[in-house]
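Chain by chain, the residues run as shown.
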Amino acid sequence: FAESMVEEKKSEQCFESVNNTAEDHQHKKKKLLKRLNFEELGLDPPPELPSEWMNKIEKKGGVDVKLVIMKQMFPTDLNPHHDRLSIPFRQIRNEFLTEDEKTKLIEQKSITVKLMEPCGSESELYLRQWNLKNTSCYALTTRWKQVIKEFKQNDIIQLWSFRVQGELQLALIKVPYASASASASASTDVNGGGGGGGVSLKNQFCMCLERTKTT
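Residues numbered from 1 in each chain as written. Predicted model: local features only at pLDDT ≥ 70, side-chain atom pairs only at ≥ 80, totals over all residues. Heavy atoms only, no water.

Keep this limit in mind: UniProt positions are given in the numbering used here, feature names are shortened, and annotations may be inferred rather than shown by experiment.
Named according to an unreviewed UniProt entry, the protein is TF-B3 domain-containing protein originating from Manihot esculenta. Per UniProt, the comment on the protein under Subcellular location (unreviewed entry) is "Nucleus".

Here it is as structure tokens:
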């Protein structure tokens with residue numbers, strides 16, 4: 001328990017330091033990146049949660065399943081030094097937190113959450129609130145740098161929330177999309193980053209298995 005508290009404290013200090021110093025630079029850089037058009041890709045409205053994922057959640061006793069966010073993966077989300085997935089308030093599609101959880105985050109405390117990765121494995125991360133100059137966002141931190149090995153720039157992801165005996169848990173999936181031209185265009189505009197495109201659940205499992213072998 002003591003080691004866990006030390007790890008959380010170190011992660012919190014690193015999280016604040018990295019994001020405070022890089023905030024202005026990343027905000028300007030992000031403006032230069034080309035955002036994928038979800039409507040052109042046939043992703044507006046967002047796809048429903050695949051049945052195999054719903055079955056996995058139900059087997060865990062999960063209820064109250066909600067789409068939290070669907071977003072394009074940017075370099076900052078994939079930077080191991082930042083070690084966080086940003087969840088901007090303005091992009092949140094459904095309210096997924098209780099009032100007590102909101103208060104805890106506003107007070108700059110963290111919430112421990114279990115995350116189902118695209119391959120079905122589970123990680124334990126911290127959910128925090130990050131207050132910027134002009135807006136705020138939530139962020140999944142601590143061990144996120146292990147999860148990002150499954151992703152590349154311009155991947156589109158969905159983050160879903162659900163409750164198991166009242167406890168907040170999350171599921172992260174990749175969203176397939178078929179527009180190669182849109183993917184190539186976005187790759188060019190983000191300085192040669194990897195293109196998008198979804199992968200099947202089977203391939204997601206294989207990537208996670210490979211990640212496990214190399215860590």
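1. Remarks on the packing of aromatic side chains
Quick reminder of the rule: Aromatic pairs are defined between Phe, Tyr and Trp rings, using the six-membered ring for Trp, whenever the two ring centres lie within 6.5 Å; interplanar angles under 30 degrees are classed as stacked, those over 60 as edge-to-face, and all others as tilted. Secondary structure elements follow DSSP: runs of H or I of four or more residues count as helices, runs of E of two or more count as strands, with numbering from the N terminus. Exposure classes here rest on a 1.4 Å probe applied to the protein chains alone. A residue is buried below 20% of its type maximum, exposed above 50%, and partly exposed in between.
Under the definition given, this model contains 3 aromatic pairs. Ring centres 4.6 Å apart and planes at 55° place the aromatic pair F89 and Y138 in the tilted group. Of the two residues, F89 sits in the loop between β2 (84–88) and α3 (99–106) while Y138 sits in strand β5 (residues 136–141), which places them 49 residues apart along the sequence. On the basis of relative accessible area, Y138 is assigned to the buried category, the value being 8%.

2. A closer look at the pattern of salt bridges
Note the following rule: Salt bridges are counted wherever a side-chain nitrogen of Lys or Arg sits within 4 Å of a carboxyl oxygen of Asp or Glu.
Counted according to the given criterion, the structure contains 11 salt bridges. Across the pair E122 and K60 runs a salt bridge whose closest N-O atoms are separated by 2.5 Å. Taken together, the residues span a long stretch of sequence, with E122 in strand β4 (residues 122–131) and K60 in the loop between α2 (51–59) and β1 (63–72) at a distance of 62 residues. The class of E122 is partly exposed, set by a relative accessible area of 42%. Residue class for K60 comes out partly exposed when judged on its relative accessible area of 26%. Between E101 and R163 there is a salt bridge; the shortest N-O distance is 2.8 Å.

3. A word on the layout of surface pockets
Rolled over the atoms, a probe as big as a water molecule pinpoints where empty space is left. As a reminder of what qualifies: Throughout, the protein atoms alone are placed on a 1 Å grid, and a set of points is a cavity if a 1.4 Å probe fits but cannot get out or a pocket if it is open with protein on both sides within 12 Å along at least five of seven lines; lining residues have an atom within 4 Å of a point. Grid points are joined across faces, edges and corners, and a volume is the space filled by probe spheres set on the points. As a working rule, the residues Ala, Val, Leu, Ile, Met, Phe, Trp, Tyr, Cys and Pro are called nonpolar, Asp, Glu, Lys and Arg charged, and the rest polar, with Gly in that last group.
What the second largest pocket holds in volume is close to 150 Å³. Together, 11 residues line the second largest pocket, and R35, F38, M70, K71 and Q91 are the ones closest to its centre. Element by element, the count of residues in the lining of the second largest pocket is highest for β1, at 3 residues. Looking at the lining of the second largest pocket residue by residue, the classes come out as 5 nonpolar, 2 polar and 4 charged.

4. Some words on the nonpolar core
To keep things clear, this is the line we draw: To qualify as a nonpolar core, a set must consist of buried Ala, Val, Leu, Ile, Met, Phe, Trp, Tyr and Cys residues joined through side-chain atoms within 4.5 Å. In what follows, a contact means two residues having at least one pair of non-hydrogen atoms within 4.5 Å.
Residues L115, L127, L140, W144 and L159 are the most contacted members of the largest nonpolar core, which totals 25 residues. Elements with a minimum of two residues in this core: β1, β2, β3 (111–116), β4, β5, α4 (144–147), β6 (156–164) and β7 (167–174). Sequence-distant contacts of W144, that is, excluding residues within four places in its chain, are made with M73, D77, D83, R84, L85, L115, L125, F151 and L172.

5. A closer look at the pairing of β3
Which entries qualify depends on this criterion: We call two strands paired when DSSP finds no fewer than two bridges between them.
Where β3 and β4 come together, 6 bridges link them in antiparallel fashion. The residue of β4 that forms the bridge with I111 is L127. A loop of 5 residues connects β3 with β4, the two strands running antiparallel in sequence, and G120 in this loop sits at a positive phi of about 100°.

6. Thoughts on unusual backbone geometry
A cis geometry characterises the amide bond from D44 onward to P45, with omega recorded as 10°. Relative to the assigned elements, P45 resides in the loop between α1 (2–32) and α2. Here the phi dihedral of R143 falls at roughly 75°; this positive angle occurs in a residue that is not glycine. With respect to the element layout, R143 can be found in the loop between β5 and α4. At Q165, a residue that is not glycine, the phi angle is positive and equals roughly 50°.

7. Quick notes on the environment of F151
Mapped onto the fold, F151 is located in the loop between α4 and β6. Since its relative accessible area comes to 10%, F151 is described here as buried. In sequence terms F151 and M73 are 78 residues apart; their C-alpha atoms lie 8.0 Å from each other. Setting aside chain neighbours within four positions, we find F151 in contact with M73, L78, P118, W144, I157, L172 and K174.

8. Let's talk about the sheet that holds β1
Two pairing modes exist for strands in a sheet, parallel and antiparallel, and in both the strands are linked by backbone hydrogen bonds. Stated formally: Only C-alpha atoms enter the line fits that serve as axes; for helices the fit covers just the stretch in contact. Angles between N-to-C directions range over 0 to 180 degrees.
Spatial strand order, β1-β6-β7-β3-β4-β5-β2: 7 strands in an open sheet with mixed pairing. Every other strand in the sheet has two partners, leaving β1 and β2 as the edge strands with one partner each. Direction aside, the axes of adjacent strands within the sheet are offset by 30° on average. In the sheet, β6 pairs with β7 via 8 bridges, with the strands oriented antiparallel. Looking at β7, one finds that R163 is bridged to L168. Against the sheet, α2 touches β1, β3, β6 and β7, its axis set at about 160° to β7.

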